[in-house]
Amino acid sequence: MNVLERHSKSDKTPRVPTSSLNSNGGGDLVGGPRFGQTHWSVVLAAAGKKDNSQAEQSLERLCRIYWSPLYTYIRRQGENPHDAQDLTQAFFATLLEKDFLASVDPKKGRFRSFLLASLKHFLSNQRARARAQKRGGGQTPLSLDFASAESGIVFEVADGQTPEKAFEKAWAMTLLEQSLAQLRKEHVERGKQELFEQLKTTLTEGRSDVAYAELSSRLGMSEAAVKMAVVRLRQRYREVLRGEIAQTVSNQAEVEDELRDVFRALSA
C-alpha cells in the first residue's frame, strides 16, 4: 500500500486528485487568501530583531504543523527512530531561538524551503557532536506525535524514495491533513458534522463517480441539494488549502506554485 492509498483509507486525510482541487473554471476561489501579516511574513519581518513575541508564536505554530516532514527526512537519512526524535527536538530547540531568525533570507520565501535548508545545515553540524546530547538539547521539547509519524514511515521505507522526495510528500500530505481538519472544525461548529462525514469522500472522487442517490438517502436530502453541498464543500476545500499555503509563502504567485508542487509530490 503506497502513501496515497494509506491516507485515503484512513480517517485522517483522503487522497485528493487534481480534479477535485482545480475545477470550477480553473479553481479560482471566492475571496481567496489575502496577503497581509501571514504567519511566515511575520517571521520574515522579525528576522534579526529581538523580543518579537508575535514572530516567535508564528514560528512555533508553523513548526508544530510542519515538523512531520522534517522527521520523515531525518529517518530517510538512515537515523533510527530514537535518534531521529532526538534530532528533531534538538533542531526545533535551536530554530525557536529568536537569534536564529537573523539567518532567514527573505528571497527564499517558502517556509518549507527554509525549514529543509535549515535542517540540512543543522544535521551537518550536529553529527559531529550531538550523539551524547539530551533529548531536545536540554530545553523544553515540543509535544510531537512521533508514534503517528513513524507508522507512516514504516509503510514507505522500502520504496527507494530519496529523503528530499519523502520530505516533499510528507509536506503535501500535511497540508491536506490541515485543510481537512479545518473543514471538519468548521462543520462541527455549525452543527453539520454528519454532513461533512458523509460528503468528505467526494473530495477524492470525480464528478461522475459520486453516488448522489445513495448520499441523498443517507442524509435525507434531495439529490439536487446533495450536489450543491458537494460543490460547496469542494470549493471550500480549495479555499482552505490555498489559505494554508498562503501562511507559508511571501506572495500570491507562490501559492499557485506551491499548489502545483503539492500535486507533483502526491503523484510521485
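Right, let's walk through the structure included here.

So, how was this worked out
- Counting restarts for each chain, with residues numbered from 1 along the sequence as it is written.
- Confidence filtering applies because this is a predicted model: local features only for residues at pLDDT of at least 70, side-chain atom pairs given and counted only at 80 or more, and all residues used for totals across whole chains, interfaces and linings.
- Side-chain metrics in this entry use all non-hydrogen atoms of the structure; hydrogen atoms and water are not considered.
- Think of it this way: any DSSP run of H or I at least four residues long counts as a helix, any run of E at least two long counts as a strand, and we number them from the N terminus.
- Under the convention used here, a 1.4 Å probe and the Shrake-Rupley method define accessible areas, while residue burial counts only the protein chains that appear.
- In this analysis, two residues are considered to be in contact whenever any of their non-hydrogen atoms come within 4.5 Å of each other.
- Helix axes are fitted to C-alpha atoms over the stretch in contact, other axes to C-alpha atoms as well, and angles between N-to-C directions run from 0 to 180 degrees.
- Angles are sorted into four bins: roughly parallel if under 35 degrees, roughly antiparallel if over 145, roughly perpendicular if 65 to 115, and oblique for all others.
- The salt bridge criterion pairs a side-chain nitrogen of Lys or Arg with a carboxyl oxygen of Asp or Glu, the two atoms within 4 Å.
- A helix is expected to reach a length of 1.5 Å times the quantity of its residues less one.
- For every residue, the accessible area obtained with a 1.4 Å probe (protein chains only) is divided by the maximum for its type, and the residue is called buried under 20%, exposed over 50%, and partly exposed between those limits.
- A pair of Phe, Tyr and Trp rings is counted when the ring centres sit within 6.5 Å of each other, with Trp represented by its six-membered ring. The angle between the planes then sorts it: under 30 degrees is stacked, over 60 is edge-to-face, the rest tilted.
- By the criterion adopted, a ring carries a charge over it if an Arg CZ or a Lys NZ lies within 6 Å of its centre and within 35 degrees of its normal.

### Observations concerning the overall build of the protein
- Summing up its helical and strand segments, the protein has twelve helices and zero strands in all.
- Along the protein, helices and strands appear, N-terminal first, in the series α-α-α-α-α-α-α-α-α-α-α-α.
- For the protein, the exposed surface amounts to about 13400 Å²; the carbon and sulfur share of it is 49%.

### A short note on the environment of Tyr 212
- Along the chain, Tyr 212 turns up in helix α10 (residues 212-219).
- With 13 residues separating them in the primary sequence, Tyr 212 and Leu 199 have C-alpha atoms 9.8 Å apart.
- In contact with Tyr 212, other than residues within four places in its own chain, are Arg 207, Glu 223, Val 226, Lys 227 and Val 230.

### Examining the packing of α10 against helix α11 (residues 223-246)
- As a packed pair, α10 and α11 sit with axes 9 Å apart at the nearest point and diverge in direction by 100 degrees. Compared by their axis directions, α10 and α11 come out roughly perpendicular. Residue-level contacts link Tyr 212, Ala 213, Leu 215 and Ser 216 of α10 to Glu 223, Val 226, Lys 227 and Val 230 of α11.

### Thoughts on the pattern of salt bridges
- Scanning the model with the defined rule gives 16 salt bridges in all.
- With its nearest N and O atoms 2.7 Å apart, the salt bridge here joins Glu 258 to Arg 112. With Glu 258 in helix α12 (residues 252-267) and Arg 112 in helix α6 (residues 111-126), the pair connects residues that are 146 residues apart, well separated along the chain.
- One salt bridge in this structure joins Arg 264 and Asp 261, with 2.1 Å as the shortest N-O distance. You can see Arg 264 and its partner Asp 261 sitting in helix α12, three residues apart, about one turn around the helix.

### Thoughts on α12
- For α12, which comprises 16 residues, the first-to-last C-alpha distance of 24 Å matches the rise-based estimate of 22 Å (1.5 Å per residue) to within 8%.
- For α12, the full list of buried residues reads Glu 254, Val 255, Glu 258, Leu 259, Asp 261, Val 262, Phe 263, Ala 265 and Leu 266.

### As for the packing of aromatic side chains
- Scanning the model with the defined rule gives seven aromatic pairs in all.
- On the numbers, 6.2 Å between centres and 55 degrees between planes, the contact of Tyr 66 with Phe 111 is tilted. Separated by 45 residues along the polypeptide, Tyr 66 in helix α4 (residues 53-76) and Phe 111 in helix α6 bring together distant segments of the chain. Phe 111 matches Tyr 66 in its accessibility class, with the two residues each being buried.
- Three or more aromatic residues joined by ring pairs make a cluster, and in this case those are Trp 40, Tyr 66, Phe 111 and Phe 114.
- Between Arg 112 and the ring centre of Trp 171, over which it is positioned, the NZ or CZ distance is 4.0 Å.

### Brief notes about the environment of Phe 92
- Structurally, Phe 92 is set in helix α5 (residues 81-95).
- By relative accessible area, which is 1% here, Phe 92 ends up buried.
- C-alpha separation for the pair Phe 92 and Leu 119, spaced 27 residues apart in sequence, amounts to 9.2 Å.

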